[in-house]
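# Examination of the molecular architecture
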Amino acid sequence: MRKITLLLFSVVAMALAGCGSEQNTCGPDNDLTPNIIPDPSALDTFMVASLGVDELEIVGSGAEHSTLVQAHFNDFTNYQVQLAETIEFADHPACFIYAGRPVTSGDPIPLHVDKATFGGLSQEVVLEPDEFEHIPTQVLTQRGYASDEVSIDVQSTGTLADGDFPAFTETIQAPAQPVLLRIGDLELVDLASSPSIGIKADRIDHMLVQWEPSGADYVEVKILPGAGSETPYAKLRCITFDDGCLEIPAGALAHLALDMATNFQFRIENHFFVIHPITDDSGKTEASALIDTSSTLGGTVLR
């Protein structure tokens, strides 16, 4: 596959891995990698659209609840990404820590569309480009999902040769709001209370995270350094199946504890993901739209 594969890792952040299913199979040797991209040729292009509906609910300190709707259409031919260095854990491949920042060169070139219409939300959202072909995002208050599916209709009268992204329509499932059941020894955990979850440099036991499965394509669990951090990019990220369980390795928590942060942001996210390839008469991929819907629950946690 062309170098666009690395670029798409940065665009949609799809380093997917996970843990088992019905039984408590979280932990060493039980993390697997789901395949949500059955046809890699769908990514064999530099003409990429990225569209998403992202619900965020932060509870406790800094509480907010909003839904972001966005659409971007770009030519990445002259844009390169060197991915950030990561620290990985051999027996827990679902989890890793960012140990640096990505390095980019060049600039993506915006492609024109007439408008992108999102249906199935609390109100119809129509995104249109400005004079520079950038498309402003729109924020809905509270939960933006109003049905089981989100419809997307991209209208464009031109072709790639004209600098336009091709028109297309697609639907994608709307995610349920995450229901967090456990973090470590804390059962029915309330993130609004800013609980201490045991981020310690001498930690030797792994941390179990449990939630109510909802049929999402994948689930992300993140722990991000908060106030006082000297390395805010050095977050923990776990990407797993939506089977209700994840074991975060002790080594990852011990590494986070080295940060000077006095608190951390804990987030759990339900995601659905669709790739919509656009092909020519020969079946070659000309352009590809990457579509993600997510719902995130987050709150401040202490060491």
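For the structure, check the block above.
All of the points below concern the structure found in this document. (Residues numbered from 1 in each chain as written. Predicted model: local features only at pLDDT ≥ 70, side-chain atom pairs only at ≥ 80, totals over all residues. Heavy atoms only, no water.)

### Structural notes on the overall build of the chain
When helices and strands are tallied, the chain shows two helices and 20 strands. Residues classed as buried in the chain amount to 49% of the 303 residues present. (Helix = DSSP H or I, 4+ residues; strand = E, 2+ residues; numbered from the N terminus. Buried < 20%, exposed > 50% of the residue type's maximum accessible area, 1.4 Å probe, protein only.)

### A few points about the sheet that holds strand β9 (residues 125–127)
The strand order β9-β8-β11-β12 describes an open sheet built from four strands, whose pairing is antiparallel. The two strands at the open ends of the sheet, each matched to only one other strand, are β9 and β12 (168–173). For this sheet, the mean angle separating the axes of adjacent strands, direction not counted, is 15 degrees. The pairing of strand β8 (residues 115–119) with β9 spans three bridges and is antiparallel. Residue pairing for β9: Ala116 is matched across the bridge by Leu127. (Pairing = 2+ DSSP bridges. Axes fitted to C-alpha atoms, helices over the stretch in contact; angles between N-to-C directions.)

### Observations regarding the pattern of salt bridges
All told, the structure shown has six salt bridges when counted by the stated rule. Between Arg143 and Glu55 there is a salt bridge; the shortest N-O distance is 2.5 Å. In this pair, Arg143 sits in the loop between β10 (138–141) and β11 (149–155) while Glu55 sits in strand β1 (residues 47–59), placing the two residues 88 residues apart along the sequence. Owing to a relative accessible area of 1%, Glu55 belongs among the buried residues under this scheme. One salt bridge in this structure joins Glu220 and Arg237, with 2.7 Å as the shortest N-O distance. Remark: Arg237 occurs in strand β17 (residues 236–240) and Glu220 occurs in strand β16 (residues 218–225); sequence separation between them is 17 residues. (Salt bridge = Lys/Arg side-chain N within 4 Å of Asp/Glu carboxyl O.)

### Comments concerning the pairing of β17
Counting buried residues in β17 gives five out of five residues, a clear majority hidden from the surface. Because side chains alternate across β17, one face comprises the buried residues Leu236, Cys238 and Thr240, and the other comprises Arg237 and Ile239, equally buried. In this structure, strand β5 (residues 95–98) lies alongside β17, joined through three bridges in antiparallel fashion. Bridging across to β17, Cys95 finds its partner in Cys238. Both β16 and β17 contribute to a ladder of five bridges, which runs antiparallel. Bridge pairing in β17 links Val221 to Cys238.

### Topic: the pairing of β8
Regular strands place their side chains on alternate faces of the sheet. Of all five residues that make up β8, four are buried, and the element is covered over most of its length. In this sheet, β11 lies alongside β8 in antiparallel orientation, the contact comprising five bridges. Bridging across to β11, Gly119 finds its partner in Ser151. Where β8 folds back on β9, the antiparallel hairpin that results is connected by five residues, among which Gly120 adopts a positive phi of roughly 85 degrees.

### Some points on the side chain of Thr67
In this fold, Thr67 is placed in strand β2 (residues 64–75). We classify Thr67 as buried; its relative accessible area is 0%. Here the side chain of Thr67 touches Gln142 through a polar contact of 3.0 Å, landing on its backbone oxygen. Residues contacting Thr67, with those up to four places away along its chain left out, are Val53, Asp54, Glu55, Gln138, Val139, Leu140, Gln142, Arg143 and Gly144. (Polar contact = N/O pair within 3.5 Å; in protein donor to acceptor, adjacent residues only side chain to side chain. Contact = heavy atoms within 4.5 Å.)

### Points about the sheet that holds strand β18 (residues 245–248)
With antiparallel pairing, four strands are arranged side by side in an open sheet as β14-β13-β15-β18. The sheet terminates laterally at β14 (186–187) and β18, the two strands that pair on one side only.

### With respect to the packing of aromatic side chains
Inspection of every chain in the model, using the stated rule, returns four aromatic pairs. When the centroid spacing of 5.3 Å and the interplanar angle of 55 degrees are considered together, the rings of Phe73 and Phe165 count as tilted. Here Phe165 lies in the loop between β11 and β12 and Phe73 lies in strand β2, a separation of 92 residues in the sequence. For Phe73, a relative accessible area of 2% corresponds to the buried category. Here Phe165 falls in the buried class, since its relative accessible area comes to 0%. Ring geometry for Phe76 versus Tyr79: centroids 5.7 Å apart, planes at 50 degrees, classification tilted. Tyr79 gets classed as buried once you look at its relative accessible area, which sits at 19%. Clustering of aromatic rings is evident, with ring pairs tying together Phe73, Phe165 and Phe168. (Phe/Tyr/Trp six-rings, centres within 6.5 Å; stacked < 30°, edge-to-face > 60°.)

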